Amino acid sequence: MRYLQRLFPASISKPKTAFTFTVLDHFLIDALECKTSAMSFYQKLKRFTNNAFPERDRYRELMRVSQLWRDLKHRKWFGFGHYTEQDPGDGGLALFCPAYPQPGVNLPADWKVHYDRDTIMRQYVIDGNFTAQHMKMNKPELDVALSDGKGYMVAEVPYQSHLKQSLDSKERSTCSNHRAINAANINKSNLQSTGIGATACAWHGCFVPHSVVDFQKGERYMNTDYSICNALGYHSQSITKALVIYDVGCQWSINFRSRVKNSPSLLLPPALEIVPAVGKFHLAAYKLSCFPRYSLNFIKGAGHLDGEILETLWAPFNEISPTARSMTQAHRQEVYGAYMRDSNWKKLLKKYKNSNKCLEEMNQAYEQLTAVLDPDKVARWESDTLRAEADRGAALDIYLLKGDKAPTFQEVWLQLMKNPKSPSGNVGSVAWLAEGISIEDSQDQLRIERFHSNGQAFCKGLDIDLGAFTPQDDPAFCGSDEEEHEDREFWDDDEGDWEAPEEEIEGLASELMSIWMPSSIGAAKLTELGLHDLLKEERELRIGQANDCLDQLRTDLGNKAMLYQQNFRTANSTREGTRTKKEIQKVVARVNKHVRSYRRARQAILRLDPDGNIAAKYLEILPEDLAVSKEVTEENRFGQGTSKLAWF
């Protein structure tokens, strides 16, 4: 009769108070979406009922009924509502990621024939949350659990038994001063647990059922090992490879197998290979040698992961932590399970829409990079990669950044001076070419200084603070006259012997005079005149000039980004902000100078080697390539996974 009237009684015997199904559903949704506590929801009901003269307190009845209602709803959703004698089992009332490979759930019976172990590899990320604390209960013996271990948190009795049997590892990090491990003696005060640790699907951020554990003294291996082992054993029959991403993965993985072997409560699937890794954000704080061995970039089958997805899940989760802090252990476990179940449900609805677009963009970038590389080198790299994937460990050191740089202008100059001269070569030609390039740079500086001095003269009489003005040189508008006529010929085939034009115009400014270089003549005419050595020498010097410009560009653009991030955005006064702007303007002026020098070098290279593949290596620099790196200035922005750097 009560069910037909859609009323839920506050007690089984002699009920005097009842709650409608609608109000109980509203409470569950308010708690999930608005993070409303039971007290706040009950106060809302009282004010809706009688704002001036509220009736007697029914808060205890609401707490009791809402806990029963939540458990009944979960059992109904997972098919156990009408079978009270059937045990859901560990994690039986939890929703998991439907895209995760699970034999017997979403894989065909012959999946071993169609998929290799890298494709079917399970990928987990584990992390701790020290905001989700829990206070000690006054009377823990009165606590009643409705679904202990059936959701996302582990069963309490087996977990406490594991902690009693496990030895407290005193391992200290040998890599970096990681707070998670070295905080083992964190002050407990009156806390039953100092936080929680969870394992989630690294692809979509879905919590793994029956794998969330409580911390007692910081983030210890005895806690995280229990979580990881439960996650590795969840619906993973016959899967022989798993990727585990952990903030301290390099240290955790060293003795993990031995800890499992020495603990009767830790079990792993047979023949399981575990590949440890570190999330990309935390990996930056590691030693350089850890980068190739634990980076997700070098693990086959890892895909495009950052390994930090659990960090994004803790932010909304922390909104309910203050409410759950003083709950009983059983009630807290059920509330956390409800939030994690709701989080997994939302993940099912929005992860697929951008995957195809991102895949197409990344394939295009990969093909463009491969097209400009030496095919022999690509083949050798692919062979080294396969060997490193198979051996791992020290074999992954091939991914360490090498210190070799492109030859600089000075290095090329010195090498050309050491080379023996050919019979057709000229003594002192290298020094003459280097001096010509130096004169071009001096002319460029004079042109810019004269341009801005004229600009300041034109501004006289205007209300402008010229003393605080620092010129900014846009590479799109500060080119030389020679760049505007890059296709003109300085030779006239109809005339006889060529002679350099005399400087007849005495009033011609020095920064506007033409510098006669082999590149001004062009490759065809140089070849016709037999000046092969001169052509080769200038081409090598120009390549060194271009390399110097690109190296200085990278340095100055990085400096500009750091000025924005560390100085400009944190300026506490107008004076400090103005000073930072002037520093940024000086950096911009240097950037534009390097771009103009690079453009001169590139145009000379194209004239000296028009049919070569150098143009594919030294591309044109566009204004958008000089933008501030948002990896530094907007490190928390969305869409970082598909962002691309400038070609240089």
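Residues numbered from 1 in each chain as written. Predicted model: local features only at pLDDT ≥ 70, side-chain atom pairs only at ≥ 80, totals over all residues. Heavy atoms only, no water.

## A short note on the pattern of salt bridges
For the coordinates displayed, the defined rule picks out 23 salt bridges. The partner of R117 in a salt bridge is E273, and the shortest N-O contact between them spans 2.9 Å. Placement of R117 in the loop between α4 (111-114) and β3 (122-129) and of E273 in strand β9 (residues 273-277) is noted, with a sequence separation of 156 residues between them. For R117, a relative accessible area of 36% puts it in the partly exposed group. Notably, a salt bridge pairs R600 with D441, separated by 2.6 Å at the nearest N-O pair. Here the residue R600 occupies a position in helix α23 (residues 574-608), and D441 occupies one in helix α18 (residues 429-458), the gap between them amounting to 159 residues. (Salt bridge = Lys/Arg side-chain N within 4 Å of Asp/Glu carboxyl O. Helix = DSSP H or I, 4+ residues; strand = E, 2+ residues; numbered from the N terminus. Buried < 20%, exposed > 50% of the residue type's maximum accessible area, 1.4 Å probe, protein only.)

## So, the packing of aromatic side chains
In total, this model carries 18 aromatic pairs according to the counting rule given. Taking 5.7 Å as the distance between ring centres and 35 degrees as the angle between the ring planes, the aromatic pair formed by F130 and F215 counts as tilted. With F130 in the loop between β3 and β4 (134-135) and F215 in strand β7 (residues 213-215), the pair connects residues that are 85 residues apart, well separated along the chain. Summarising the burial analysis for this pair, F130 and F215 share the class buried. Three or more aromatic residues link up through ring pairs in this structure, and these residues are F96, Y100, Y124, W203 and Y234. Geometry around Y221 places R259 over its ring, the cationic atom sitting 4.4 Å from the centre. (Phe/Tyr/Trp six-rings, centres within 6.5 Å; stacked < 30°, edge-to-face > 60°. Lys NZ or Arg CZ within 6 Å of the ring centre and 35° of its normal.)

## Quick look at the nonpolar core
Counting residues in hydrophobic clusters, the biggest one holds 38 residues, and the most contacted among them are F96, L232 and W252. Every element with two or more residues in this core is listed here: β3, α5 (156-165), β7, α7 (221-232), β8 (241-246), α8 (249-252), α9 (256-261) and α11 (290-294). Considering every element that reaches this core, the biggest residue donor is α7, with seven residues. Not counting residues up to four positions away in its chain, the partners in contact with L232 are Y124, A242, V244, L268, P269, L272 and I274. Membership of the second largest hydrophobic core comes to 35 residues, among which are A94, V212, L310 and I320. (Core = buried A, V, L, I, M, F, W, Y, C linked by side-chain atoms within 4.5 Å. Contact = heavy atoms within 4.5 Å.)

## A look at the confidence of the model for the protein chain
Low-confidence regions, as indicated by low pLDDT, have predicted coordinates that should not be scrutinised in detail. Confidence in the prediction of the protein chain, expressed as mean pLDDT, is 80, and 81% of residues score 70 or more. Ignoring residues within four places in sequence, the model shows residues 463-475, a span with pLDDT below 50, making 26 contacts including any to other chains. Counting interchain partners and residues more than four positions distant, the pLDDT-below-50 stretch residues 500-505 has three contacts. (pLDDT = per-residue confidence, 0-100.)

## So, unusual backbone geometry
Backbone geometry at K14 places phi at a positive 50 degrees, although glycine is not the residue there. With respect to the element layout, K14 can be found in the loop between β1 (7-9) and β2 (18-20). Judged by its relative accessible area of 75%, K14 falls in the exposed class.

## Brief notes about the pairing of β3
Counting buried positions along β3 yields eight of eight residues, so the element is predominantly enclosed. What you see with β3 is no split at all: R122, Y124, I126 and G128 on one side and Q123, V125, D127 and N129 on the other are buried throughout. When β3 meets β8, the two strands line up parallel, connected through five bridges. Residue pairing for β8: R122 is matched across the bridge by A242. Both β3 and strand β6 (residues 195-201) contribute to a ladder of six bridges, which runs antiparallel. By the bridge assignment for β6, I126 is matched with T199. (Pairing = 2+ DSSP bridges.)

## Focus: the environment of Q443
The topology assignment puts Q443 in helix α18. Residue Q443 is classed as buried on the basis of its relative accessible area, which comes to 7%. Through-space distance from the C-alpha of Q443 to that of E511 is 4.4 Å; in sequence the pair is 68 residues apart. Once residues within four sequence positions are removed from consideration, Q443 is found in contact with S510, E511, L512, M513 and I515.

## A short note on a positive patch on the surface
Together, R575, R579, K582 and K586 give the surface a local cluster of positive charge. You can see K582 is positioned in helix α23. Taking relative accessible area as the criterion, K582 reaches 33% and is therefore assigned partly exposed. (Patch = residues over 30% accessible without salt bridge, like charges linked within 9 Å, V, L, I, M, F, W, Y side chains within 5 Å. Areas by Shrake-Rupley, 256 points an atom, 1.4 Å probe, with all protein chains shown as cover. Lys, Arg positive; Asp, Glu negative; His and termini not counted. Charge placed at Lys NZ, Arg CZ, Asp CG, Glu CD.)

## Here's the deal with empty space enclosed by the protein
Rolled over the atoms, a probe as big as a water molecule pinpoints where empty space is left. All chains considered together, the criterion is met by three cavities of 30 Å³ or more. Looking at the largest cavity, its volume works out to about 120 Å³. Lining the largest cavity are 15 residues, and of these H74, S147, Q333, E334 and R341 lie nearest its centre. Of all the secondary-structure elements, those providing two or more residues to the lining of the largest cavity are α3 (59-77) and α14 (329-347). By residue class, the composition of the lining of the largest cavity is four nonpolar, six polar and five charged. (1 Å grid on protein atoms, 1.4 Å probe; cavity = no way out; pocket = protein on both sides within 12 Å on 5 of 7 lines; lining within 4 Å. Points joined across faces, edges and corners; volume = space filled by probe spheres on them. Nonpolar A, V, L, I, M, F, W, Y, C, P; charged D, E, K, R; others polar.)

## Some thoughts on the sheet that holds β9
On the basis of which strands lie adjacent, the open sheet formed by five strands has the order β7-β6-β3-β8-β9 and mixed pairing. Each edge of the open sheet is held by one strand with a lone partner, namely β7 and β9. Taking the axes of each pair of neighbouring strands and ignoring which way they run, one obtains an average angle of 25 degrees across the sheet. For β8 and β9, the ladder comprises five bridges, and the chain directions are parallel. Paired with K241 across the two strands is E273, which belongs to β9. (Axes fitted to C-alpha atoms, helices over the stretch in contact; angles between N-to-C directions.)

## A word on the environment of Q133
Relative to the assigned elements, Q133 resides in the loop between β3 and β4. The sequence separation of Q133 and Q192 amounts to 59 residues, and the corresponding C-alpha distance is 7.7 Å. What Q133 contacts, discounting residues up to four positions off in sequence, is L191, S193, T194, G195, R325, R332 and Y336. Of the polar contacts made by the side chain of Q133, one reaches the side chain of R325; its length is 3.4 Å. (Polar contact = N/O pair within 3.5 Å; in protein donor to acceptor, adjacent residues only side chain to side chain.)

## Regarding the side chain of D247
Mapping D247 onto the fold places it in the loop between β8 and α8. D247 gets classed as buried once you look at its relative accessible area, which sits at 13%. A distance of 3.4 Å separates the side chain of D247 from the side chain of H282, its partner in a polar contact. Excluding anything up to four places from it in sequence, D247 contacts I126, D127, V278, H282, Y286, E308 and E311.

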